[in-house]
Each structure stands twice: as C-alpha cells, then as structure tokens.
Amino acid sequence: MTTNDLIPVADAIPVDWRWLYFFLVLTFVLHLLFMNAMLGSAIMAFVGELREKNAGPGRDISTKLPYTIAFTVNLGVAPLLFLQVLYGQFIYVSSVLMAGFWLAVIGLIIMLYYSAYIYDFRFEKMPAARTFFIGLTVLLGLIVAFLFTNNMTFMLRTETWQEYFGNRSGTLLNLKDPTLLPRYLHFAVASVAVGGLFQAILAKQRKALPYREKRMNQGMRWFTTATVVQILIGFWFLISLPIEVMLSFMGGAVPNTVVFVLGLVGAVVSLAFGFTRRVWPTTVATVVTVVLMAIVRDLVRGEFLKPVFHPSDLKVVAQYSPMIVFLIALVLGLGLVAYMLYLAANSGKEAE
Ligand code: HEM
C-alpha cells in the first residue's frame, strides 16, 4: 500500500471551488482575529493578576472575555465547514488519527468557558482564586490552539498517516513535524499582539475609563513587543518549511512571493504605527497583515498538497441555491451581531 492509497476519494462540490476558498479564508480571518483578541486579552489579564493585582487590566478584561470566546467558537464553525468541503479527504483522516484529542477539544472549550465566567462573575468575591481561574482559561486556550495546529499540520503530512497502523487509538499527534512548534508559537505570539491592540482599542473608545491613558499605552506596548518577537518566529517558521515550499515564497512562485512580501510589509507598517501609539492606523495595518498572512498560510497548504491534490481537481455538480441562502444569512447575521455589539457597548457606557 502506498501513502496515496490512504487518501479517500473526494466528494463533488456544489459551486466553483474559488467561492468556497474565498469564504474559507474570509471566515478563518474572522475566527483568528477573535481568537487572538480572546487569548491575548486573557494572557494580559493573567500577567496583570500576577503583577499588579487590583490596578491591573483584569476587571475590565473579565467582562469582555465571555463575548470574545463566544465569537471565536461560533466563527470557527464556518471555516470548519468550508475546510471539510474543500479538503475533507485530508482533514477527516488527520482528525481520525488524533480522534481522542480532537473530540476532547469540545470538553476543553466548555471548561475554558466556565473558568472565564467564574473569573468574571466572582471577580470581587474571590480575589484569591482569580489568578487560578484566569490562568486556567489561558492554559486551556493554549492547549486547544495546540491541538488545532496539530490537526492543520497532520492533514498536510500524508506520508505520516501510515503511523495509524501502529496506533489505532486516536492518540497520535504530529509532534515530529519541524513546522509544528514555530507554527504554533506564531499563532500564540500573534494572540498576544492582537490582544494588546484589542485592549488599546477598547481603552481608546471609552473616554471615562479609569487609567485610560495607561491602558492604551499598556495595550500598545504588548502589541509592539509581541510583534517584534513575531518577526523572529515568522522567519523560524519559514525556514522550518520543506525547502521547495520555502523557496516558493522566496521567488520560486510569483503569486506566493508577492503575497508573502506584502504581508511582511504590512507587519513592518503596523509595527511602525504601533511604536508611535497610533491605535487606528495600527489596527488597519494589522487586519491587512492578518488577511495577507492567512492567504500565505493557505498557499503553504497548497504547496504541501501540490503533489497529490488541488481544490480545482474537485468535480462540480452545480447547485448554487444553498450558497445564496448562506450569503443572505451571513449578511443578516453580521448586521445583527454589529447591532448587538453596538447595544452592548452603549450599555457599558451607561454603567461607567
Ligand atoms: C478556544 C478556542 C479556540 C482556539 C484557541 C482556536 C485556535 C485556532 C488556531 C491557533 C488555529 C490555527 C491552527 C493552524 O493553522 O496551525 C485555528 C484554526 C482553525 N480553527 Fe480554531 N480555535 C478555537 C476554537 C475553534 C472552534 C470551536 C472551531 C470550530 C467549531 C474552530 C475552527 C477552526 C478551523 C476550521 C481552523 C482552520 C481553518 C483552516 O485551516 O483554514 N476553532 N484555531
């Protein structure tokens, strides 16, 4: 049996693959931004508890955390569906290889939710246990992210799938992959940066916030420090890739190189704005960078799978109506969410 025999036959898709690809990247970026805001803010709150207890950003973050968790989880569902439609024959196999851990993600996220809620609702009543609950929230978030990175890299390493015949218990992880650690750290450090920026935005928006100036500067400092570290980790990630994948981003393939270089420029621009503490320009440059880097991440996936598959290989059995219904639901849903956030932000102002 060869490795390729282990790749299941792909199902037909209902619309041109480019639509599905577009929505995969779009919804993944949204998932990622909220995930970053959630995990990064939780890390800031945890460090605040350890360092300054009552003057730290913890109280403020505690009330926002449950929202960001809900957005992260709900915005994760959409890319999961698009991923399954486009790359089902890969993601299903990798999910089976690590099935025990993969199913555990549900329980871990429920526990994460609980600990974040306890941190919020019992903030004043349990000062001694606060550090524990926010620490638990951070730990669970980091574990969930690690399991995601395992699955997203396992699906690309078809040559390792034979390991299943030596271990059928669903407890395999992709630990031998040299890209695993830098890729994981790339996401973890991005969370710290975006979390800091998120806190700076919240402080800027709320004129009556106690220690407003301090919070804004604190958030921007987290952003710039993490982004400097991120540039180093990014290069580690780049050189950990198989040589032919890496070279495709260094002139080997023009589209890959262009998007990658634009992403790097975006990172440098956001850093420059960050150092001068300009919150909105930093935010715009960061979102553009995240979009470009999410495309780079997908191009990496394309390079890995090139020998065996490209989404354009999928057979199309045209049926456009479900996508139109999805689009209508997406626009209406986003409108409602924006309105809800507007109401929530205003009720916060009244409480201040
Ligand atoms: C605490 C909660 C979560 C955290 C910290 C988290 C974190 C992450 C991270 C770090 C990645 C990137 C992994 C990589 O490419 O190496 C990722 C990707 C992804 N996450 Fe989440 N995630 C969470 C919850 C969820 C949930 C609940 C879902 C779905 C129901 C989800 C769906 C996805 C999907 C589909 C991708 C990959 C998209 C793609 O490959 O294009 N996530 N997540």
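Worth saying up front: this structure is predicted, and the values here are computed from it rather than measured. (Residues numbered from 1 in each chain as written. Predicted model: local features only at pLDDT ≥ 70, side-chain atom pairs only at ≥ 80, totals over all residues. Heavy atoms only, no water.)

A look at the layout of surface pockets
Then step 1. Of the volumes computed, that of the second largest pocket is approximately 830 Å³.
Then step 2. Lining the second largest pocket are 33 residues; nearest its centre among them are His31, Gly76, Ile109, Val144 and Phe148.
Then step 3. Among the secondary structure elements, those contributing two or more residues to the lining of the second largest pocket are α1 (17-51), α2 (58-97), α3 (99-121), α4 (130-154), α5 (180-205) and α9 (279-305).
Then step 4. When its residues are assigned to classes, the lining of the second largest pocket shows 25 nonpolar, 5 polar and 3 charged. (1 Å grid on protein atoms, 1.4 Å probe; cavity = no way out; pocket = protein on both sides within 12 Å on 5 of 7 lines; lining within 4 Å. Points joined across faces, edges and corners; volume = space filled by probe spheres on them. Helix = DSSP H or I, 4+ residues; strand = E, 2+ residues; numbered from the N terminus. Nonpolar A, V, L, I, M, F, W, Y, C, P; charged D, E, K, R; others polar.)

Remarks on the nonpolar core
Then step 1. Of all hydrophobic cores here, the largest spans 85 residues; its most connected members are Leu86, Tyr87, Phe90, Leu241 and Phe249.
Then step 2. For this core, the element with the highest residue contribution is α1, accounting for 17 residues.
Then step 3. When sequence neighbours within four positions are dropped, the list of residues in contact with Phe90 reads Ile7, Met155, Thr158, Trp161, Leu305, Val308 and Phe309. (Core = buried A, V, L, I, M, F, W, Y, C linked by side-chain atoms within 4.5 Å. Buried < 20%, exposed > 50% of the residue type's maximum accessible area, 1.4 Å probe, protein only. Contact = heavy atoms within 4.5 Å.)

Overview of the site of the ligand
Then step 1. In the region of the ligand, 22 residues are neighbours, and His31, Phe148, Arg183, Arg297 and Arg301 sit closest.
Then step 2. At 2.8 Å, a side-chain N or O of Arg183 approaches an oxygen atom of the ligand.
Then step 3. Here an oxygen atom of the ligand and a side-chain polar atom of Arg301 are 2.9 Å apart.
Then step 4. In this structure, the ligand is accommodated by the second largest pocket.
Then step 5. Within the shell around the ligand, the residues separate by chemical class into 15 nonpolar, 4 polar and 3 charged. (Near = heavy atom within 4 Å. Polar contact = N/O pair within 3.5 Å; in protein donor to acceptor, adjacent residues only side chain to side chain. Sits in = over half its atoms within 2 Å of the grid points.)

Thoughts on the packing of aromatic side chains
Then step 1. Across all of its chains, the model carries 18 aromatic pairs by this definition.
Then step 2. Residues Tyr113 and Tyr117 carry aromatic rings whose centres are separated by 5.8 Å and whose planes lie at 10° to one another, so their mutual orientation is stacked. You can see Tyr113 and its partner Tyr117 sitting in helix α3, 4 residues apart, about one turn around the helix.
Then step 3. Residue classification places Tyr117 among the partly exposed residues on the basis of a relative accessible area of 33%.
Then step 4. With a centroid separation of 5.2 Å and 70° between ring planes, the pair formed by Tyr119 and Phe123 is classed as edge-to-face. (Phe/Tyr/Trp six-rings, centres within 6.5 Å; stacked < 30°, edge-to-face > 60°.)

With respect to the pattern of salt bridges
Then step 1. Here the structure, examined in full by the defined rule, presents 11 salt bridges.
Then step 2. Two residues, Asp16 and Arg18, come together in a salt bridge whose shortest N-O distance is 3.1 Å.
Then step 3. On the accessibility criterion, Asp16 (24% relative accessible area) is partly exposed.
Then step 4. The shortest N-O distance in the salt bridge between Lys176 and Glu163 comes to 3.4 Å. Remark: Glu163 occurs in the loop between α4 and α5 and Lys176 occurs in the loop between α4 and α5; sequence separation between them is 13 residues.
Then step 5. Judged by relative accessible area, which is 72%, Lys176 ranks as exposed.
Then step 6. A single network of salt bridges, built from pairs that share partners, joins Arg59, Asp120 and Glu124. (Salt bridge = Lys/Arg side-chain N within 4 Å of Asp/Glu carboxyl O.)

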